[in-house]
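Working through the structure, step by step
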Amino acid sequence: MTLRHIIPAISRNAVPEPNDPRFSVVPDFDDGSLELDLAETIHDLLRERGVKRAVEVGTSKGTGAIYWADAIGEDGHLWTCEFKPELLFGAIQRWHALGLAGRITGICGDANLPETWQDVPDDVDFVLFDCQHHTLGALQEYACLMYKIKPGALLIWHDTIYPSERAAVDLIATMRGKDLSKDLISLPSCRGCLAMEA
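Residues numbered from 1 in each chain as written. Predicted model: local features only at pLDDT ≥ 70, side-chain atom pairs only at ≥ 80, totals over all residues. Heavy atoms only, no water.

**A few points about the packing of aromatic side chains**
Evaluated as defined, the whole model comprises 4 aromatic pairs. With a centroid separation of 6.4 Å and 55° between ring planes, the pair formed by Tyr67 and Trp68 is classed as tilted. The exposure classification of Tyr67 matches that of Trp68, with both residues buried. Taking 6.2 Å as the distance between ring centres and 70° as the angle between the ring planes, the aromatic pair formed by Trp68 and Phe126 counts as edge-to-face. Placement of Trp68 in helix α3 (residues 63-72) and of Phe126 in strand β4 (residues 124-129) is noted, with a sequence separation of 58 residues between them. Both residues of the pair, Trp68 and Phe126, belong to the buried class. Clustering of aromatic rings is evident, with ring pairs tying together Tyr67, Trp68 and Phe126. (Phe/Tyr/Trp six-rings, centres within 6.5 Å; stacked < 30°, edge-to-face > 60°. Buried < 20%, exposed > 50% of the residue type's maximum accessible area, 1.4 Å probe, protein only. Helix = DSSP H or I, 4+ residues; strand = E, 2+ residues; numbered from the N terminus.)

Take a look at the structure:
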């Protein structure tokens, strides 16, 4: 599924022409936030698993949130956190333009503080960690959300090419009793992406 197919599905209108202004609200995939192949893979995983309650740690420009909101459908909800207000404001504008604002709650705050996540329910079935790419930050993000994650939820870490983030993911997997060689699955990403079930 390509971005050109996702946007019309979200807006519930006929396929727009390439010069349709709705396409201008979606950031390019070369902006450093997320790779297209990875976004499509995660989108398909969320659909296949029937995910309805999702969390994204690190909104950036909101590109991923567009994919996740489409995948979880009208009866699902996504909570996404961004520390930089200017990025979150731009993302919220895009979501409104695409008719997604009702499915996404943008949180401006520090992902390492438990109070940032206080309004997220205790039965989340997907978390994408894509914020801090060092050991302590990745562990703190996980610690703030670990009691919100239901058993069997899909957990994904992006940018695991950084050794310090990979170390955090390995530690979290080990604490959860996972076999690092079998339970951590690599997803298509030039910057590294690992997934596991909670």
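**Focus: the pairing of strand β2 (residues 77-82)**
The buried fraction of β2 is high, at 6 of 6 residues. Where strand β1 (residues 53-57) and β2 come together, 5 bridges link them in parallel fashion. Each bridged residue has a counterpart across the sheet, and for Arg53 the counterpart in β2 is His77. In this view, the connection linking β1 to its parallel neighbour β2 by way of α3 has right-handed handedness. One ladder, built from 5 bridges, connects β2 with strand β3 (residues 104-108); its direction is parallel. Bridging from a neighbouring strand, Leu78 pairs with Ile104 of β3. As for the winding sense of the linkage, the β-α-β connection from β2 through helix α4 (residues 85-97) to β3 is right-handed. (Pairing = 2+ DSSP bridges. Right-handed = clockwise from strand over helix to strand, strands pointing away.)

**Describing the pattern of salt bridges**
Should the charged atoms of two oppositely charged side chains come close, the side chains can pair. Inspection of the entire model under this criterion finds 8 salt bridges. Where Lys52 meets Asp75, a salt bridge forms, and the shortest distance between an N and an O atom there is 2.9 Å. Remark: Asp75 occurs in the loop between α3 and β2 and Lys52 occurs in the loop between α2 (36-49) and β1; sequence separation between them is 23 residues. Its relative accessible area of 61% is what places Asp75 among the exposed residues. Close ionic contact of Arg53 with Asp123 constitutes a salt bridge, the shortest N to O distance being 3.2 Å. With Arg53 in strand β1 and Asp123 in the loop between β3 and β4, this pair connects stretches of sequence that are 70 residues apart. (Salt bridge = Lys/Arg side-chain N within 4 Å of Asp/Glu carboxyl O.)

**Let's talk about the sheet that holds β4**
Read from one edge of the open sheet, 7 strands run β3-β2-β1-β4-β5-β7-β6, paired in mixed fashion. The open sheet has two edge strands, β3 and β6 (185-186), and neither has a second partner. By the bridge criterion, 4 bridges tie β1 to β4 in an arrangement that is parallel. In the strand pairing of β4, Ala54 is matched with Phe126. Contacts from α4 reach β2 and β3 within the one sheet, and its direction differs from that of β3 by about 165°. (Contact = heavy atoms within 4.5 Å. Axes fitted to C-alpha atoms, helices over the stretch in contact; angles between N-to-C directions.)

**Details of the side chain of Glu56**
Looking at the secondary structure, you find Glu56 in strand β1. Summary of buried charges: Glu56 has no salt-bridge partner, and the nearest side chain of opposite charge, Arg94, is 11 Å away. A polar contact is formed between the side chain of Glu56 and the side chain of Trp68, at a distance of 3.0 Å. Beyond its immediate stretch of four places on either side in the chain, Glu56 contacts Gly64, Ala65, Trp68, Leu78, Trp79, Thr80, Cys81, Trp117 and Leu128. (Lys, Arg positive; Asp, Glu negative; His and termini not counted. Polar contact = N/O pair within 3.5 Å; in protein donor to acceptor, adjacent residues only side chain to side chain.)

**Regarding the pairing of β4**
With 6 of its 6 residues buried, β4 lies for the most part within the structure. Alignment of β4 against strand β5 (residues 149-158), held across 5 bridges, turns out to be parallel. Pairing of Leu128 across the sheet is with Ile156, part of β5. Taking the sense of rotation as the criterion, the β-α-β connection linking β4, helix α5 (residues 135-145) and β5 turns out right-handed.

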